[in-house]
Amino acid sequence: MACQFDHVDFAYPSSQGRPAVTDLNFTIAAGERVAIVGPSGAGKSTIMQLLLRFQVPTSGEIYFFGEKSSSYSKNFIRKQMGWVPQDVILFGQSIRENILYGNIKSTEDDLMSAVKESNSFEFIDKFPDGLDTEIGERGVQLSGGQRQRIAIARAMLKKSSIILLDEATSSLDTETETKIQEALKFLTKNKTTIVIAHRLSTILNSNNIYVIDSGRVVGSGKHEELMKNSDLYKNFYEQQIQK
């Protein structure tokens, strides 16, 4: 077992009304690829924050590797996770320094492997200063797809056992998304992977898909099962196919 939610509830301190998530109860086995889908405000991002220990449950328990999350330090938990968010956090330094933030002790060979496997080499090589190119505050010199590939390279260097993908391809064009998906195959190989995605095309091959609505799990299973058993999931899928 890599991760387990045991009847987890969470309410933001300043929130009014219903909790952000209620009675979450599911297990993610080591090596599984699991997706979490649902409408805006359903609680998907809250689940990611709970996994990263940015928030702690109001009640219930989260387990990692069979032990309570609270028995580990935040630093330990976060070292086990490679996180690729929708809004990538980059610093006003060089591409090299931004990638090495994943593991500053990485060798040059490790760095170059991550650059190539993340499909970053093709654009980095076009800059006169290559890896030493200064990218500006928050990476303003790079496109959205380039920033995502830097984040993937960074996560590769971290060599975490759990990969969190938070809407990692939601705002990219089709060509760029293809390059990102190729890079993600390298990143997630033989890793426990948890995906939050708007584009259902990115999660169809997941071992399990959890459908979240109003902070609760309202459906789970593979894509084919959910198309038969979950009207919410089926509507999501049909709307995207029509688009």
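Here the structure is a predicted model, which is why all the values come from computation and not from measurement. (Residues numbered from 1 in each chain as written. Predicted model: local features only at pLDDT ≥ 70, side-chain atom pairs only at ≥ 80, totals over all residues. Heavy atoms only, no water.)

Could you give an account of the side chain of S206, with specific residues and numbers?
Mapped onto the elements, S206 comes out in the loop between strand 8 (192-196) and strand 9 (208-213). By relative accessible area, which is 2% here, S206 ends up buried. A polar contact is formed between the side chain of S206 and the backbone oxygen of I203, at a distance of 2.9 Å. Once residues lying within four places of it in the same chain are set aside, the contact partners of S206 are R33, V34, A35 and K222. (Helix = DSSP H or I, 4+ residues; strand = E, 2+ residues; numbered from the N terminus. Buried < 20%, exposed > 50% of the residue type's maximum accessible area, 1.4 Å probe, protein only. Polar contact = N/O pair within 3.5 Å; in protein donor to acceptor, adjacent residues only side chain to side chain. Contact = heavy atoms within 4.5 Å.)

If you had to explain the sheet that holds strand 2 (residues 21-28) to someone new, which residues and values would you point to?
Taken in spatial order, the four strands line up as 2-1-4-5 in an open sheet, and their pairing is antiparallel. Where the open sheet ends on each side, the last strands, each with one partner, are strand 2 and strand 5 (67-68). The sheet contact formed by strand 1 (residues 3-10) and strand 4 (residues 59-64) spans five bridges and is antiparallel. Within strand 4, the position partnered with C3 by the bridge is F64. Against the sheet, helix 1 (residues 44-51) touches strand 1, strand 2 and strand 4, its axis set at about 120 degrees to strand 1. (Pairing = 2+ DSSP bridges. Axes fitted to C-alpha atoms, helices over the stretch in contact; angles between N-to-C directions.)

Report on unusual backbone geometry, specifying residues and quantitative values.
The phi angle at N119 is positive, at roughly 60 degrees, despite the residue not being glycine. You can see N119 is positioned in the loop between helix 4 (108-117) and helix 5 (121-124). A relative accessible area of 18% means that N119 is categorised as buried. Located in the positive-phi region is S214, a residue other than glycine, with phi close to 55 degrees. With respect to the helices and strands, S214 occurs in the loop between strand 9 and strand 10 (216-221). According to the relative accessible area criterion, S214 is partly exposed, its value standing at 39%.

How would you summarise a nonpolar patch on the surface if you had to cite specific residues and measurements?
On the surface, F54, W83 and I89 cluster together into a nonpolar patch covering about 270 Å² of accessible area. You can see F54 is positioned in the loop between helix 1 and strand 4. Classification of F54 by relative accessible area gives partly exposed; the value is 41%. (Patch = residues over 30% accessible without salt bridge, like charges linked within 9 Å, V, L, I, M, F, W, Y side chains within 5 Å. Areas by Shrake-Rupley, 256 points an atom, 1.4 Å probe, with all protein chains shown as cover. Salt bridge = Lys/Arg side-chain N within 4 Å of Asp/Glu carboxyl O.)

Please give an account of the packing of aromatic side chains that cites residues and values.
All chains considered together, the criterion is met by eight aromatic pairs. Between the aromatic rings of F10 and Y12, the centroid separation amounts to 4.7 Å while the plane-to-plane angle is 80 degrees, which identifies the pairing as edge-to-face. Residue classification places F10 among the buried residues on the basis of a relative accessible area of 4%. Y12 gets classed as partly exposed once you look at its relative accessible area, which sits at 26%. Residues Y72 and F76 carry aromatic rings whose centres are separated by 4.7 Å and whose planes lie at 15 degrees to one another, so their mutual orientation is stacked. According to the relative accessible area criterion, F76 is partly exposed, its value standing at 33%. (Phe/Tyr/Trp six-rings, centres within 6.5 Å; stacked < 30°, edge-to-face > 60°.)

With reference to specific residues and values, describe the sheet that holds strand 9.
Spatial ordering of the open sheet is given by 6-7-8-3-9-10, a layout of six strands whose pairing is mixed. Where the open sheet ends on each side, the last strands, each with one partner, are strand 6 (81-84) and strand 10. On average, adjacent strands in this sheet sit at an angle of 20 degrees to one another, irrespective of strand direction. Where strand 3 (residues 33-37) lies against strand 9, four bridges are found, and the strand directions are parallel. Note on strand 9: the bridge partner recorded for V34 is N208. Sitting on the sheet, helix 1 touches strand 3, strand 6, strand 7 (162-166), strand 8 and strand 9, and the angle it makes with strand 8 is about 145 degrees.

Function-wise, these values are silent; they only describe arrangement.
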